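# Chains, contacts and geometry: an overview
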Amino acid sequence: MIENKKARVNVVDLKARLAKIKAMRFPSNSSSKIYGEDNTFIFSKSYNCFEKNIIRGTNHFIFFPEADAGNVVFEVYGDNNKIIIQKGAKLLNTRFVIKGSDNFIEIKENCRFTSCYIVNYSRGNKIIIDNGTTIEEAALALGENNFLSIGKDCMLSAAIDIRCGDGHKMLDLSTGEQINKSKDIIIKDHVWICRAARILKGVTIGKNSVIGVGSICTKSIPENCMAAGIPATVKRENVTWQR
Ligand SMILES: CC(C)(COP(=O)(O)OP(=O)(O)OC[C@H]1O[C@@H](n2cnc3c(N)ncnc32)[C@H](O)[C@@H]1OP(=O)(O)O)[C@@H](O)C(=O)NCCC(=O)NCCS
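Description of the structure in this document.

Let us look at the overall build of the protein chain. Helix and strand counts for the protein chain stand at one helix and 24 strands. Counting the 243 residues in the protein chain, one finds 35% classified as buried. A separation threshold of at least 6 residues defines the contact pool for the protein chain, and within that pool the share at least 24 residues apart is 17%.

Laid out in structure tokens, this is it:
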């Protein structure tokens, strides 16, 4: 077991450190802990949340040397989880809760999150959020072996829910089979998701489309349209949008 509570915090020379560091160290008065073995936690100088983080298990890789992260908390269990937050990304009030193994999350360059909750209770999920996407306030929930892709320059408003999985099984009474299996969600480039919209399992949203306030998307939506309602249906075609 490795529990590091003493060493310095700032990452000065990332490359040199990457070769050496297998577990990042938190300030001695921090309540955060890294347990397990072969865990790498590399954070940027701007990282200011040394409370509440818990890393358990082995071979996790949490890496954001050049991103801004304010009040970002990681609770990572299982094994082999990777969270990479790329250069220029700015994350505030964001919580990663990962309880399964072999999950991969990449938040690419210049993304901006004001408040985000990423929850991942199972294994083999992959989340990629592409360059320049902004999230005001969202919960992203994964199922098992799912891919959640959010393209470039998407704009997610507040109170957004994106759920590849339902969190609990619904079963067919006669066969005992699970009806509500989790599925991938693909949001293509430059999609605007308006306030309090929900995107459910199996949905693809085409590029440049807009999902109206309070809508629930249960089926895929083509590109360049505005869809809204419960369930969301196409209300306008041949549109795009600007920030
Ligand atoms: C999606 C949106 C931008 C579309 O604007 P718009 O094209 O001017 O919409 P309209 O009011 O002309 O509505 C067009 C049609 O869609 C329907 N519609 C629009 N938004 C809807 C919604 N959220 N739910 C259900 N139907 C909706 C309208 O009833 C109308 O239907 P009709 O043609 O049968 O009469 C707007 O409805 C919206 O959701 N605004 C909220 C934006 C927001 O959340 N901003 C927060 C900051 S990111």
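This paragraph deals with the site of the ligand. Taken together, 13 residues surround the ligand, and among them Cys194, Arg195, Gly212, Val213 and Ala228 come closest. Those elements that provide at least two residues to the shell around the ligand are strand E23 (225–228) and strand E24 (233–237). Partitioned by chemical class, the residues of the shell around the ligand number five nonpolar, five polar and three charged.

Attention shifts here to the nonpolar core. Grouped together as the largest cluster of nonpolar side chains are 59 residues, with contacts concentrated most on Leu148, Ile193, Ile211, Cys217 and Ala227. With residues near it in sequence (within four places) discarded, alanine 227 still touches Ser209, Ile211, Gly212, Ser215, Cys217, Ile221, Ala232, Thr233, Val234 and Lys235.

Now for unusual backbone geometry. Isoleucine 230 connects to proline 231 through a cis peptide bond whose omega is -10 degrees. Turning to its location among the elements, proline 231 is positioned in the loop between E23 and E24. At asparagine 110, a position not held by glycine, the phi torsion is positive, near 60 degrees. With respect to the element layout, asparagine 110 can be found in the loop between strand E8 (104–107) and strand E9 (112–113). You will see that asparagine 208, though not glycine, has its phi angle at about 70 degrees, which is positive. In this structure, asparagine 208 sits in the loop between strand E20 (204–205) and strand E21 (210–211). C-beta crowding within 10 Å serves as the criterion here: with 18 such atoms nearby, asparagine 208 is assigned to the partly exposed category.

Now for the sheet that holds strand E6 (residues 82–85). Ordered in space as E2-E4-E6-E8-E11-E14-E17-E20, the eight strands form an open sheet in which the pairing is parallel. Looking along the sheet, the strands with just one partner apiece sit at the ends: strand E2 (40–43) and E20.

In E6, alternate side chains face the same way, and those of Ile83 and Ile85 are buried while those of Lys82 and Ile84 on the opposite face are not. Here strand E4 (residues 61–64) pairs with E6 via three bridges, running parallel. Within E6, the residue paired with isoleucine 62 across the bridge is isoleucine 83.

Thresholds, definitions, all that
- Residues numbered from 1 in each chain as written.
- Predicted model: local features only at pLDDT ≥ 70, side-chain atom pairs only at ≥ 80, totals over all residues.
- Helix = DSSP H or I, 4+ residues; strand = E, 2+ residues; numbered from the N terminus.
- Buried ≥ 20, exposed ≤ 12 C-beta atoms within 10 Å, placed from the backbone.
- Contact = placed C-beta atoms within 7 Å.
- Near = placed C-beta within 6 Å.
- Nonpolar A, V, L, I, M, F, W, Y, C, P; charged D, E, K, R; others polar.
- Core = buried A, V, L, I, M, F, W, Y, C linked by C-beta atoms within 7 Å.
- Pairing = 2+ DSSP bridges.

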